Amino acid sequence: TQVSERDRSLVRFLIEALDDDGYLSAPLIELWETLPPEYEIEIEELEIALRHIQNFDPIGIGARSLQECLTLQLKVLPESAERTLALAIVDKHLELLAARDFAKIRRLTGCDDEALKAAHSLITSLNPRPAAGYAQIEARYITPDVIVKKLKGKWTAYINPDAYPRLR
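Predicted model only: the values in this text are computed from it and were never measured. (Residues numbered from 1 in each chain as written. Predicted model: local features only at pLDDT ≥ 70, side-chain atom pairs only at ≥ 80, totals over all residues. Heavy atoms only, no water.)

*Asks:* Give a detailed account of the overall build of the chain, specifying residues and quantitative values.
*Replies:* What the chain contains, in helices and strands, is eight helices and two strands. Against the globule reference of 15 Å for 168 residues, the chain gives a C-alpha radius of gyration of 24 Å, more extended than a compact globule. Seen through its principal axes, the chain has C-alpha atoms that stretch 80 × 45 × 35 Å. Going through the 168 residues of the chain one by one, you find that 30% of them count as buried. Pairs at least 24 apart in sequence give 48% of the contacts found in the chain among residues at least 6 apart. Carbon and sulfur atoms provide 55% of the accessible area of the chain, an area that totals close to 11,900 Å². Charge-centre separation for the chain: the mean point of 21 positive side chains lies 10 Å from the mean point of 27 negative side chains. (Helix = DSSP H or I, 4+ residues; strand = E, 2+ residues; numbered from the N terminus. Rg over C-alpha atoms; globule rule 2.2 N^0.38 Å. Buried < 20%, exposed > 50% of the residue type's maximum accessible area, 1.4 Å probe, protein only. Contact = heavy atoms within 4.5 Å. Areas by Shrake-Rupley, 256 points an atom, 1.4 Å probe, with all protein chains shown as cover. Lys, Arg positive; Asp, Glu negative; His and termini not counted. Charge placed at Lys NZ, Arg CZ, Asp CG, Glu CD.)

Here is the structure:
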């Protein structure tokens with residue numbers, strides 16, 4: 001599908017707002033309020049841009065919650081009974097799954113033990129942090145060329161010896 005230049009720039013704007021795990025942690029309305037009013041961007045345009053991002057690889061990127069991240073990943077899997085049950089569990093019973101309250105999940109979903117094990121296995125195979133493998137891990141420090149210090153009431157600038165190679 002063709003994406004307009006305006007939509008592309010909104011997609012880039014939202015990508016900049018993603019955290020290291022690939023989540024959009026800031027609410028869309030807050031991000032929308034930071035855009036200049038003269039651009040006349042509607043909140044719906046941001047929602048469309050977010051849907052574009054959510055179709056990118058890795059699947060789950062651009063999610064606003066763990067629940068949405070797992071749901072996005074499940075929806076691209078082939079249709080199956082396990083997938084349907086897994087979607088229901090992620091949608092309505094994620095807290096119970098985290099608490100490992102399998103008896104209550106079975107009671108609320110009406111599934112048997114085998115089906116629950118298959119759905120649980122499917123959910124645990126998903127990636128809750130889709131962009132974590134792409135995040136820059138080590139911090140890069142910048143060495144200043146010049147250092148400015150206040151010595152005896154006067155500001156003094158001098159060249160930082162660590163910024164240049166030593167001659168021998």
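*Asks:* Please provide a residue-by-residue account of the layout of surface pockets, values included.
*Replies:* By volume, the largest pocket is sized at about 170 Å³. Forming the boundary of the largest pocket are Leu-66, Leu-70, Leu-94, Leu-97, Ala-98, Arg-100, His-120, Ile-123, Thr-124, Leu-126 and Pro-128. Contributing elements (two or more residues each) for the lining of the largest pocket: helix H4 (66-75), helix H6 (94-98) and helix H8 (113-124). Residue classes in the lining of the largest pocket are distributed as eight nonpolar, two polar and one charged. (1 Å grid on protein atoms, 1.4 Å probe; cavity = no way out; pocket = protein on both sides within 12 Å on 5 of 7 lines; lining within 4 Å. Points joined across faces, edges and corners; volume = space filled by probe spheres on them. Nonpolar A, V, L, I, M, F, W, Y, C, P; charged D, E, K, R; others polar.)

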